[in-house]
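Letter by letter, the chains look like this.
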Amino acid sequence: MEYRIKIFIIALSINILLCMIRAVIGPSKLDRLVAINIIGTKTIVLIASVAFIIHETFFIDVVLVYALISFLSSIFVCNPD
Amino acid sequence: MIKSILEIILLLGGLFFFSVGTIGILRFPDVMTRIHSGAKCDTLGLALSLSALALHNGFNFVSVKLMLVIVFVWISNPTIAHLIAKAANKK
């Protein structure tokens, strides 16, 4: 039952590495911000999948807190005032 | 049996939208088009993947938390995309 979640985690990690290319070579700051925002979204799904692999339900709370902190950091970075 | 098939379909759909968003991030030429491609990742990819995980878990308090994460990300990520587009338009 869990091997399909493991395959999903491997494919999602490859996607995160491909997004990291745009975060490194992005021409402006906003390209890097978009790439980092998407990496944060994929990390939410990655932590939630790891919680089902190792059977620890408190990782879902970690997912909630990570979503809050990612939202706040993106808001504060892209607000110029 | 039908639960497993539905879970595989939801996982593959989420992975499809994540891959499409990643290819768009890598290939599109401008900031606005990259924001447009990233919103696909944020909404449908995350919703389908977390729905598959909640279906794998069954109806539980953990599934309620996962649905809460989906609702919060659906509120917050269009806000971030709007702010990035406003900053790119001002520059």
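Placed above this text is the structure.
Because the structure is a prediction, the values reported are computed rather than measured.

Caption draft 1: Broad picture of the layout of surface pockets. In this structure, the largest pocket encloses a volume near 200 Å³. Taken together, 10 residues make up the lining of the largest pocket; nearest its centre are Lys-29, Leu-30, Val-77 and Cys-78 of chain A together with Ala-87 of chain B. When contributions to the lining of the largest pocket are tallied by element, the ones reaching two or more residues are helix H2 (29-53) and helix H3 (59-78) of chain A together with helix H3 (61-90) of chain B. Looking at the lining of the largest pocket, the element that brings in the most residues is H2 of chain A, giving three residues. When the residues that make up the lining of the largest pocket are grouped by side-chain class, the tally is six nonpolar, one polar and three charged.

Caption draft 2: Layout of the interface of chain B and chain A. Counting from both sides, the interface comprises 39 residues of chain B and, opposite them, 38 residues of chain A. For the pair chain B and chain A, the two sides together bury roughly 3700 Å², of which 78% comes from carbon and sulfur. Of all residues in chain B, Leu-26, Leu-53 and Ile-80 of chain B bury the most surface against chain A, accounting for 14% of the area lost on that side. Remark: the boundary between chain B and chain A carries three salt bridges. Joining chain B to chain A, the criterion identifies six residue pairs in polar contact (both at pLDDT 80 or more). Of all elements in the fold, only helix H1 (2-27), helix H2 (31-57) and H3 of chain B reach the threshold of two or more residues within the side of chain B that touches chain A. By residue number, the principal contributor to the side of chain B that touches chain A is H3 of chain B, which donates 16 residues.

Caption draft 3: Structural context of the pattern of salt bridges. Inspection of the entire model under this criterion finds three salt bridges over all chains. The partner of Asp-31 of chain A in a salt bridge is Arg-34 of chain B, with the nearest N and O atoms 2.9 Å apart. One end of the pair, Asp-31 of chain A, is in helix H2; the other, Arg-34 of chain B, is in helix H2, on a second chain. Judged by relative accessible area, Arg-34 of chain B falls into the buried class, the value being 6%. Asp-61 of chain A serves as the salt-bridge partner of Lys-65 of chain B, at 2.7 Å between the closest nitrogen and oxygen. With one member in each of two chains, Lys-65 of chain B in helix H3 and Asp-61 of chain A in helix H3 form a pair that bridges those chains. You can call Asp-61 of chain A partly exposed: its relative accessible area is 33%.

Rules behind the numbers
- As a convention, each chain's residues are numbered from 1 in the sequence order in which they are written.
- Chain A is the first chain written and ligand 1 is the first ligand written, with later ones labelled in order.
- Predicted model: local features are reported for residues with pLDDT of at least 70 only, side-chain atom pairs are reported and counted for 80 or more only, and whole-chain, interface and lining totals are derived from all residues.
- Only heavy atoms go into the side-chain values, all of them from the structure, while hydrogens and water stay out.
- The rule is simple: put a 1 Å grid over the protein atoms alone, call a set of points where a 1.4 Å probe fits but cannot get out a cavity, call an open set with protein on both sides within 12 Å along at least five of seven lines a pocket, and count a residue as lining if it has an atom within 4 Å of a point.
- Grid points are joined across faces, edges and corners, and a volume is the space filled by probe spheres set on the points.
- Strands are runs of DSSP state E lasting at least two residues, helices are runs of H or I lasting at least four, and both sets are numbered from the N terminus onward.
- For this scheme, ten residues count as nonpolar: Ala, Val, Leu, Ile, Met, Phe, Trp, Tyr, Cys and Pro. Four count as charged, namely Asp, Glu, Lys and Arg, and the remainder, Gly too, count as polar.
- It only takes one pair of heavy atoms within 4.5 Å for two residues to be counted as in contact.
- When two parts are brought into contact, each loses some accessible area as probed by a 1.4 Å sphere; the total of that loss over both is the buried area.
- The salt bridge criterion pairs a side-chain nitrogen of Lys or Arg with a carboxyl oxygen of Asp or Glu, the two atoms within 4 Å.
- Each polar contact in these results corresponds to two N or O atoms within 3.5 Å; when the atoms are within protein, one needs to be able to donate a hydrogen and the other to accept it, and residues that are neighboring in sequence are counted only if both atoms are side-chain atoms.
- Three exposure classes are used, based on accessible area relative to the maximum for each residue type with a 1.4 Å probe and protein chains only: buried under 20%, partly exposed in between, and exposed over 50%.

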